[in-house]
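Structural overview
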Amino acid sequence: MTEQQKRILSAILLPAIATVLFFLWSIFLDPHTSGYDAEYVGSKTCGECHTQIYPEWQRSPHANMTRDPSPISVVGNFDGGNWMLPPEARRPFGDEQPAAKMYNRDGKYYMALRHPG
Ligand code: HEC
């Protein structure tokens, strides 16, 4: 092998080997095992950077809607409460019964819907 052939070969081979090694490294040595490798950090973490929108979000219904039901997060009356359809949504006759009855059993919240008809 001549000197020139060696130089050409190394000019092609070395970058090719480096590229292959880089891809192998990125596939096998990446500390993230998947694109979904994450831990739950909680909403307070978001507020550390998103300082303007975080207090607004906290006052909005969105802050409560995905919480587990508990006496703190549930605002409806689940202690034997009834939910009536708004008057404009009721049928002319026979719709005076509650559309749903709410109750609490063993710390769980239930909403029994009246069967239509
Ligand atoms: C370390 C700071 C930091 C933290 C912590 C953080 N963010 Fe962000 N977030 C940013 C930055 C910076 C951007 C803007 C990125 C861009 O525009 O490229 C952004 C953008 C966003 C956007 C897109 C907003 C838009 O108008 O397009 C959403 C949604 C978002 N973040 C939600 C969250 C949530 C939810 C959390 C908590 C789980 C969170 N962020 C935590 C810094 C942060």
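About the cut-offs
- Residues numbered from 1 in each chain as written.
- Predicted model: local features only at pLDDT ≥ 70, side-chain atom pairs only at ≥ 80, totals over all residues.
- Helix = DSSP H or I, 4+ residues; strand = E, 2+ residues; numbered from the N terminus.
- Rg over C-alpha atoms; globule rule 2.2 N^0.38 Å.
- Buried ≥ 20, exposed ≤ 12 C-beta atoms within 10 Å, placed from the backbone.
- Pairing = 2+ DSSP bridges.
- Expected span 1.5 Å × (residues − 1).
- Contact = placed C-beta atoms within 7 Å.
- pLDDT = per-residue confidence, 0-100.

1. A few points about the overall build of the chain
- Assigned secondary structure in the chain consists of four helices and three strands.
- Secondary structure of the chain in N-to-C order comes out as α-α-α-α-β-β-β.
- Here the C-alpha radius of gyration of the chain, 31 Å, is well above what a compact globule of 117 residues would show, namely 13 Å.
- Looking at the chain as a whole, 0% of its 117 residues qualify as buried.

2. A short note on unusual backbone geometry
- Although it is not a glycine, aspartate 106 sits at a positive phi angle of roughly 50°.
- Considering the arrangement of structural elements, one finds aspartate 106 in the loop between strand E2 (100–105) and strand E3 (108–113).

3. Structural notes on the sheet that holds strand E1 (residues 82–83)
- Overall, antiparallel pairing links the three strands, which are arranged E1-E2-E3 in an open sheet. Two strands lie at the open edges of the sheet, namely E1 and E3, each paired on one side alone.
- The pairing of E2 with E3 spans six bridges and is antiparallel. Paired with lysine 101 across the two strands is alanine 112, which belongs to E3.

4. Re helix H1 (residues 3–28)
- Here H1 is 26 residues long and its end C-alpha atoms lie 36 Å apart, about the 38 Å a rise of 1.5 Å per residue gives.
- Within H1, only zero of the 26 residues are buried, leaving the element largely exposed.

5. Looking at the environment of tyrosine 54
- Residue placement: tyrosine 54 occurs in helix H3 (residues 53–59).
- Between the C-alpha atom of tyrosine 54 and that of lysine 44, which follows or precedes it by 10 residues, the distance is 8.4 Å.
- When near neighbours in sequence (up to four residues on either side) are disregarded, tyrosine 54 contacts Cys46 and Gly47.

6. Thoughts on the environment of tryptophan 83
- Relative to the helices and strands, tryptophan 83 is located in strand E1.
- Among the residues examined, tryptophan 83 registers 14 C-beta atoms within 10 Å and is labelled partly exposed.
- Between the C-alpha atom of tryptophan 83 and that of alanine 112, which follows or precedes it by 29 residues, the distance is 10.0 Å.
- With residues up to four places along the chain from it excluded, the contact list for tryptophan 83 reads Pro98, Ala99, Ala100 and Met102.

7. Re the confidence of the model for the chain
- For the chain, mean pLDDT is 86; residues scoring 70 or higher make up 91% of the total.
- Across the chain, the secondary-structure element scoring lowest on mean pLDDT is helix H4 (residues 62–65), at 82, and the one scoring highest is helix H2 (residues 43–49), at 95.

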